[in-house]
Amino acid sequence: MAVIAEPRTDAAVPRVRPRSPLLAYGRHALMPLLVGAALLALYLYVSGHELDRIERRSLNTEYLTSRIFDHLGLTLLTTALILLVAIPAGILLTRPWARRWASPILVIANIGQALPSLGLIVLLAVSFETLGVNQIAIIAFLAYGILPVLRNTIAGLQQVDRSVIESARGMGMTRGAVLRRIELPLAVPVILAGVRTALVITVGTVALATFVGAGGLGDVINNGINSSRDLVLLSGSVMVAALALLVDWAAGIVEDLLKPRGLS
Amino acid sequence: MTDVATGTIRLEKLTKSYDGHGKPAVDSLTMDIPAGEIVVLVGPSGCGKTTTMKLINRLIEPTSGRIYLDGKDVTRENPDLLRRRIGYSIQQTGLFPHRTVADNIATVPRMLGWSKDRTAARVDELLNLVGLDPDTYRRRFPKQLSGGQQQRVGVARALGGDPEVMLMDEPFGAIDPLNREALQNEFLRIQAELKKTIVFVTHDIDEAVKMGDRIAIFSQNGRVEQYDTPEKILSEPANEFVSSFIGAGAAVRRLSLSRLADVEVPDNWPTVGADDSADRRRVAAAGTDRDFLLVLDADRRPVGWLPAAEAAEDGRTVPLLGALGPGDTLYEALDRMLTYSSTGHVVTDAEGRYRGVLELDSLRTLIHANNSAAGQSQEVS
Ligand SMILES: Nc1ncnc2c1ncn2[C@@H]1O[C@H](COP(=O)(O)OP(=O)(O)OP(=O)(O)O)[C@@H](O)[C@H]1O
Ligand SMILES: [Mg+2]
């Protein structure tokens, strides 16, 4: 029924891009190829050298695998803790009654971010002798990764259109329902971008865990420095960089998967 | 306050003051909104229309005063449950961008715990009602709709839980004039069917006159200067503020309140049948001093004008320019005559059959009668 003038044509209306997996994820294929090529080049380069005993102690499959898994484990654990702290904090700081605290807390967090990571770790190690080295390392990494997630959670929630929230409330959605079904889904893209940043930062800071004896690929770099073996130092550095890129790549895919439809 | 029709709203000494903002935004407002009518709140910007509307569904909690719905005090009721019974649509539509049109419309039915089937049926019913084909639009996202279509979905969503009361804050505000008029007409048609109690906010007096069964004219601080039918407000503005708000065009605006269905249209125009012989046409032409004869088909539907001077020749009929129907107003009749600068305009009934022909002269008589009728009621009251 109801036929009325509708001068706008459908052609003028933007269409959401069809989600063909090939098209949507094709752009993600490049990164692992590049990283793979870099690692292969490193392998060939190292193989071309006669390794001495000291070098062999660091550059063997067993040692490297365990460091890589340590590194990944520490990164994921730290990130999980970051999310556990930063996302609820970001949500709290955007509630009407706490909104005025958001700016001062972000300022403090920004100052914290500017402290050198190594300094913070040593500081913590000295002042909390009772804590285990792993705890100290994780606390320090947490401090660095929290900011991007906190900032993006706040920004993501703040950019949700007020009229959308108001109409949701006006239809009788409870505050909790509006947060869960409207605000958080609409903030997901921004929050995830922060998580991705935090992950990459954490891969980097975890490399410093070696200085408090917490393991990770930092050990390889440290071995190279201590024994003046540039080949070991180079291998460790390239592997940390490769890991950071791969983590970023994986996070990018997750980001695409979790992004709500209808937003583009 | 028992035995009150469902959908009746009563606001009693409602006041809303914001901290540190001097005068209250709404000051001791008392107002009765009858069931099944469209009440338009109109007034200059910042006068408290939106605040008043949000006080009704308690998106804004009153500083003092009471709100009654169906005669029951709802000032202390759980606001979330209250709002599920009150439709709400706003100018910015507030559609959920990450949900499909169907999911948007299903918001309230789902909160009310309707079954899947009932909700899906309701979504299709409402899409049809607002003139959107369910199969085409159900699965679209708001971004994939034009502004006018989004407004329609907004209205459909507000109707979702079949509320007895609807609050609409400039629902057609952000639309071009052409589409806005279409939406207004559409909405009036829907309302004639549904008979909801509607509180409609606008700052456009023309929209208020068109949409309202009653109009409340607001001045600053949520003061109601006059609360009455559009006819009364246009013909008897209660005070200086109201007359200056409706502006100089009141006499013209009043024309838009009289539908052609309700007035006498002169039906003495010479007509001929489309199948009449040349002789009969010549006789008809000879019997009149008009320059044109009106040609009617077998069902007495007007098909064109026949120049009297060439009445006997075939194929001389000139086409009609948009006939006026019973739903058109005196305002539209005048507008069309001025636009086409035609001497006479055909008026038809609901079936499209010939009712009469309006000329500038006969229209002036009607307008005069219309104005003096309004003037009379002024003297009586
Ligand atoms: N949250 C608020 N805090 C303080 N003052 C407010 C707030 N919201 C509204 N006001 C004030 O209350 C008054 C009424 O506002 P309201 O939004 O009801 O106006 P309105 O009639 O809807 O205007 P418009 O036609 O521009 O939409 C205005 O003077 C406005 O400045
Ligand atoms: Mg307003």
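These numbers come from a predicted model, not from an experiment.

Focus on the interface of chain B and chain A
Here's step 1: Taken together, the contact between chain B and chain A spans 41 residues of the former and 32 residues of the latter.
Here's step 2: Our count for the contact surface shared by chain B and chain A stands at two salt bridges.
Here's step 3: A salt bridge links A:Arg169 to B:Asp80, with the shortest nitrogen-to-oxygen separation between them at 3.4 Å.
Here's step 4: Viewed at the interface, chain A and chain B are joined by nine residue pairs in polar contact (both at pLDDT 80 or more).
Here's step 5: Looking at the side of chain B that touches chain A, the elements that each hand over two or more residues are α2 (79–84), β6 (86–90), α4 (107–111), α5 (116–129), α7 (147–159) and α8 (177–194) of chain B.
Here's step 6: It is α8(B) that provides the largest number of residues to the side of chain B that touches chain A, a total of six residues.

Examining the sheet that holds strand β14 (residues 318–319) of chain B
Note: strands within a sheet are paired through backbone hydrogen bonds, in either parallel or antiparallel orientation.
All names here are of chain B.
Here's step 1: Read from one edge of the open sheet, four strands run β11-β12-β13-β14, paired in mixed fashion. A strand with exactly one partner marks an edge of an open sheet, and here the two such strands are β11 (271–273) and β14.
Here's step 2: Of the strand pairs in this sheet, strand β12 (residues 292–296) and strand β13 (residues 302–307) are connected by five bridges, and their pairing is antiparallel. By the bridge assignment, Val 295 is partnered in β13 with Gly 304.
Here's step 3: The sheet contacts of helix α13 (residues 278–286) involve β11, β12 and β13, and relative to β12 the element is tilted by about 135°.

Considerations on the site of ligand 1
Residue and element names in this part refer to chain B.
Here's step 1: Around ligand 1, a shell composed of Tyr 18, His 21, Ala 25, Ser 45, Gly 46, Cys 47, Gly 48, Lys 49, Thr 50, Thr 51 and Glu 170 is seen.
Here's step 2: Within the contact set of ligand 1, a nitrogen atom lies 3.2 Å away from a side-chain nitrogen or oxygen of Tyr 18.
Here's step 3: A distance of 2.8 Å separates an oxygen atom of ligand 1 from a polar backbone atom of Gly 46.
Here's step 4: Considered on its own, ligand 1 offers 640 Å² of accessible surface; in the complex 60% of this is hidden by protein.

Some thoughts on the packing of helix α4 (residues 61–93) of chain A against helix α11 (residues 230–258) of chain A
Helix-helix packing: each pair is described by the crossing angle between the helix axes and the interaxial distance.
All names here are of chain A.
Here's step 1: Two elements in contact, α4 and α11, have axes whose closest approach is 12 Å; the angle formed by their N-to-C orientations is 45°. As the angle between them shows, α4 and α11 are arranged oblique. Read as a crossing pair, α4 and α11 show a hand that is right-handed. Every residue of α11 that contacts α4 at Leu 64, Ile 68, His 71 and Leu 72 is listed here: Met 239, Val 240, Leu 243 and Val 247.

What about helix α14 (residues 330–340) of chain B?
Residue and element names in this part refer to chain B.
Here's step 1: Listed in full, the buried residues belonging to α14 are Leu 330, Ala 333 and Met 337. Taken end-on, α14 shows its buried residues confined to a sector of 60°, consistent with a single buried face. In α14, those exposed residues whose orientation departs by more than 90 degrees from the buried face are Leu 338 and Thr 339.
Here's step 2: Following α14 by one or two positions, Ser 341 has its phi on the positive side, about 35°.

Notes on the domain arrangement of chain B
Here's step 1: Partitioning chain B into structural domains gives domain 1 (9–254) and domain 2 (261–368).
Here's step 2: Summarising the inter-unit geometry, the C-alpha centres of domain 1 of chain B and domain 2 of chain B are found 41 Å apart.

Each value, and the rule that gives it
- Residues numbered from 1 in each chain as written.
- Chains lettered and ligands numbered in written order.
- Predicted model: local features only at pLDDT ≥ 70, side-chain atom pairs only at ≥ 80, totals over all residues.
- Heavy atoms only, no water.
- Contact = heavy atoms within 4.5 Å.
- Salt bridge = Lys/Arg side-chain N within 4 Å of Asp/Glu carboxyl O.
- Polar contact = N/O pair within 3.5 Å; in protein donor to acceptor, adjacent residues only side chain to side chain.
- Helix = DSSP H or I, 4+ residues; strand = E, 2+ residues; numbered from the N terminus.
- Pairing = 2+ DSSP bridges.
- Axes fitted to C-alpha atoms, helices over the stretch in contact; angles between N-to-C directions.
- Near = heavy atom within 4 Å.
- Areas by Shrake-Rupley, 256 points an atom, 1.4 Å probe, with all protein chains shown as cover.
- Parallel < 35°, antiparallel > 145°, perpendicular 65-115°, else oblique.
- Left-handed = near helix turned anticlockwise from the far one by under 90°.
- Buried < 20%, exposed > 50% of the residue type's maximum accessible area, 1.4 Å probe, protein only.
- Arc of directions from axis to C-beta.
- Domains from an automatic or database assignment.

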